Amino acid sequence: MSIDFRSQAIERPRGHWYEDFEVGTEFVHHWGRTINQSDNSLFSTLTLHFNPLYYNVEFAREHGHPCEQVNPMLVFTTVFGLSVEDLSENGGAFLGVEDLSFRRPVYPGDTVTARSSVHARRLSEKNPKQGICTWHTRGFNQRGEEVIDFKRTNLVSLKPAGASA
Amino acid sequence: MSMQALTGNNNYFEDFTEGEVLKHRRGKTIEPLENVLITNMVMNTASSHFDDVVMKDTMFGKRLQFGGVTASLIVGMASQDTSENALAELGLTKIRFKVPVFHGDTLYAYTQVVSKEEADRADAGVVTFRHWGVNQRDDVVFEGERTVLVKRRSHWRR
């Protein structure tokens, strides 16, 4: 017996819309990520990031670290990545970042989680189907210590008629 | 292993002059290797970076590079000149993405030394840089400021 899976399929709702981003609303983002040694050295070398603190364990130890440090740009992109489904997957262009602070080192084996709150929003003057949101996103290690925070601004879509979430 | 022999001797705190502009040696042509791999590795779930078919009917017509990858590449290309002798990355601000980046584009990086300040430790200083990323048509695709804690030669080089 064959099933007409295409016509029967439903899609689980994902993400949020402009209407969901009232200022102050908090999001605890999904998944978390343990950053591995290989993630870190591959990221650093692919992006031509040449500070041995991120890929030479002896050099890092000589500078007071227990092992090589995770490249701060990998900490940023990981915390950002974890926030995308909640904040910007239904959105438009990523416009910018303000006030990013790297607050403490992250080491391979550390597990990073992310949370955000809505910092500001306004409707777009150019496109009636879009708004502009700024979120304050924070990343934490497995001990709950804040490792990074930043404010990110994106175009986001207004909820289309008939959207289920 | 002599640690000081592993990094250059022209990028300590003393070597930066406020206002000077640097063109960094190496550009890089963007492949899915950078964009898709890093986008997926950091679990950015936006399909616009890794599903060509969903992008066919958009104004872009093809996958866009994740801005976080563009920022990481521009900072990376600037790193040998600006932070090979850094003790820590302190922060970023005024990051702007001006023009979309696609697979096949080639990016280059430029940097201006905005300011030099004392740090709360004697062996290093704080340098603020302004970075620009440009593509092969010389369009500015990325701009941003970055603050780095850089070693002083006086304390770290014998």
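Residues numbered from 1 in each chain as written. Chains lettered and ligands numbered in written order. Predicted model: local features only at pLDDT ≥ 70, side-chain atom pairs only at ≥ 80, totals over all residues. Heavy atoms only, no water.

An unreviewed UniProt entry annotates chain B as Molybdenum cofactor biosynthesis protein MoeC originating from Chelatococcus reniformis.

Chain A goes by MaoC family dehydratase in an unreviewed UniProt entry, where it is assigned to Chelatococcus reniformis.

Trainee: I would appreciate a short explanation of the environment of H49 of chain A in the present structure.
Mentor: With respect to the helices and strands, H49 of chain A occurs in the loop between α2 (37-46) and α3 (57-62). Expressed as a C-alpha distance, the spacing of H49 of chain A and M73 of chain A, which sit 24 residues apart in the sequence, is 9.4 Å. Setting aside its immediate chain neighbours within four residues, H49 of chain A contacts S44, Y54, Y55, N71 and M73 of chain A together with V75, G76, S79, S83 and E89 of chain B. A polar contact is formed between the side chain of H49 of chain A and the side chain of N71 of chain A, at a distance of 3.4 Å. (Helix = DSSP H or I, 4+ residues; strand = E, 2+ residues; numbered from the N terminus. Contact = heavy atoms within 4.5 Å. Polar contact = N/O pair within 3.5 Å; in protein donor to acceptor, adjacent residues only side chain to side chain.)

Trainee: When you look at empty space enclosed by the protein in this model, what are you seeing that I'm missing?
Mentor: Here the idea is plain: a probe the size of a water molecule rolls over the atoms and shows the empty space left. Inspection of every chain in the model, using the stated rule, returns one cavity of 30 Å³ or more. Residue lining of the largest cavity: L48 and F50 of chain A together with H24, R25, R26, G76, M77, Q80 and D81 of chain B, and that is the complete set. Across the lining of the largest cavity, the residue classes break down as three nonpolar, three polar and three charged. (1 Å grid on protein atoms, 1.4 Å probe; cavity = no way out; pocket = protein on both sides within 12 Å on 5 of 7 lines; lining within 4 Å. Points joined across faces, edges and corners; volume = space filled by probe spheres on them. Nonpolar A, V, L, I, M, F, W, Y, C, P; charged D, E, K, R; others polar.)

Trainee: When you look at the layout of surface pockets in this model, what are you seeing that I'm missing?
Mentor: The space that makes up the largest pocket amounts to roughly 1300 Å³. Residue lining of the largest pocket: 43 residues in total, with G91, G92 and A93 of chain A together with S48 and L64 of chain B positioned closest to the centre. Sorting the residues of the lining of the largest pocket by element identifies α4 (72-87), β3 (91-102) and β6 (146-157) of chain A together with α2 (52-55) and α3 (67-82) of chain B as the ones contributing at least two each. With five residues, the top contributor of residues to the lining of the largest pocket is β3 of chain A. Grouping the constituent residues of the lining of the largest pocket by class yields 20 nonpolar, 16 polar and seven charged. Those elements giving two or more residues to the lining of the second largest pocket turn out to be α4 of chain A together with β3 (86-97) of chain B. When residues of the lining of the second largest pocket are assigned to their parent elements, the largest contribution, four residues, is made by β3 of chain B. Looking at the lining of the second largest pocket residue by residue, the class counts come to 10 nonpolar, two polar and three charged.

Trainee: What should I look at first to understand the nonpolar core in this one?
Mentor: Across soluble globular proteins, nonpolar side chains have a tendency to be buried as a group. Grouped together as the largest cluster of nonpolar side chains are 42 residues, with contacts concentrated most on M73, F76, L100, I148 and F150 of chain A. Not counting chain neighbours up to four residues away, the residues in contact with L100 of chain A comprise F76, I148, D149 and F150 of chain A together with L90, G91 and L92 of chain B. (Core = buried A, V, L, I, M, F, W, Y, C linked by side-chain atoms within 4.5 Å. Buried < 20%, exposed > 50% of the residue type's maximum accessible area, 1.4 Å probe, protein only.)

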